[in-house]
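Residue-level structure breakdown
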Amino acid sequence: LPHDMSVFAFDFAGAGQSEGKFLSLGHFEKDDLGTVVEYLKEHERVTRIGLWGHSMGACTCLLYAANGGDQVA
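All values derive from a computational prediction rather than experimental measurement. (Residues numbered from 1 in each chain as written. Predicted model: local features only at pLDDT ≥ 70, side-chain atom pairs only at ≥ 80, totals over all residues. Heavy atoms only, no water.)

Observations concerning a nonpolar patch on the surface
A cluster of nonpolar side chains, namely Phe8, Phe10 and Tyr39, defines an oily patch on the protein surface of about 290 Å² accessible area. Tracing the backbone through its elements, the reader meets Phe8 in the segment before helix H1 (29–41). (Patch = residues over 30% accessible without salt bridge, like charges linked within 9 Å, V, L, I, M, F, W, Y side chains within 5 Å. Areas by Shrake-Rupley, 256 points an atom, 1.4 Å probe, with all protein chains shown as cover. Salt bridge = Lys/Arg side-chain N within 4 Å of Asp/Glu carboxyl O. Helix = DSSP H or I, 4+ residues; strand = E, 2+ residues; numbered from the N terminus.)

Okay, here's the thing in structure tokens:
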């Protein structure tokens, strides 16, 4: 990674190594993403937030941005 860049990766509930049995293909996961973004905004070392997702992750990023998540790139 370039200097001064960090990555925060996580699994949505019900996916990967996370607990949970159900996925909503982005509908509820956008709220999980909002929680992660708020967590990152609380840290002074984070100056910009970019989102990247694959498949359901990409759908979740788009749903988050479409529902007021305009503070991310």
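Regarding the nonpolar core
Ranked by size, the top nonpolar core spans seven residues in total: Leu33, Val36, Val37, Leu40, Ile49, Cys61 and Tyr64. Of all the secondary-structure elements, those providing two or more residues to this core are H1 and helix H2 (56–66). In terms of residue count, H1 provides more of this core than any other element does, four residues in total. For Val36, the contacting residues outside a window of four places in its chain are Phe8 and Phe10. (Core = buried A, V, L, I, M, F, W, Y, C linked by side-chain atoms within 4.5 Å. Buried < 20%, exposed > 50% of the residue type's maximum accessible area, 1.4 Å probe, protein only. Contact = heavy atoms within 4.5 Å.)

Description of the packing of aromatic side chains
In total, this model carries two aromatic pairs according to the counting rule given. With 6.3 Å between their ring centres and 55 degrees between their planes, Phe8 and Phe10 make a pair best called tilted. Owing to a relative accessible area of 42%, Phe8 belongs among the partly exposed residues under this scheme. On the numbers, 5.9 Å between centres and 45 degrees between planes, the contact of Phe8 with Tyr39 is tilted. Here Phe8, found in the segment before H1, pairs with Tyr39, found in helix H1; they are 31 residues apart in sequence, far enough to count as distant. (Phe/Tyr/Trp six-rings, centres within 6.5 Å; stacked < 30°, edge-to-face > 60°.)

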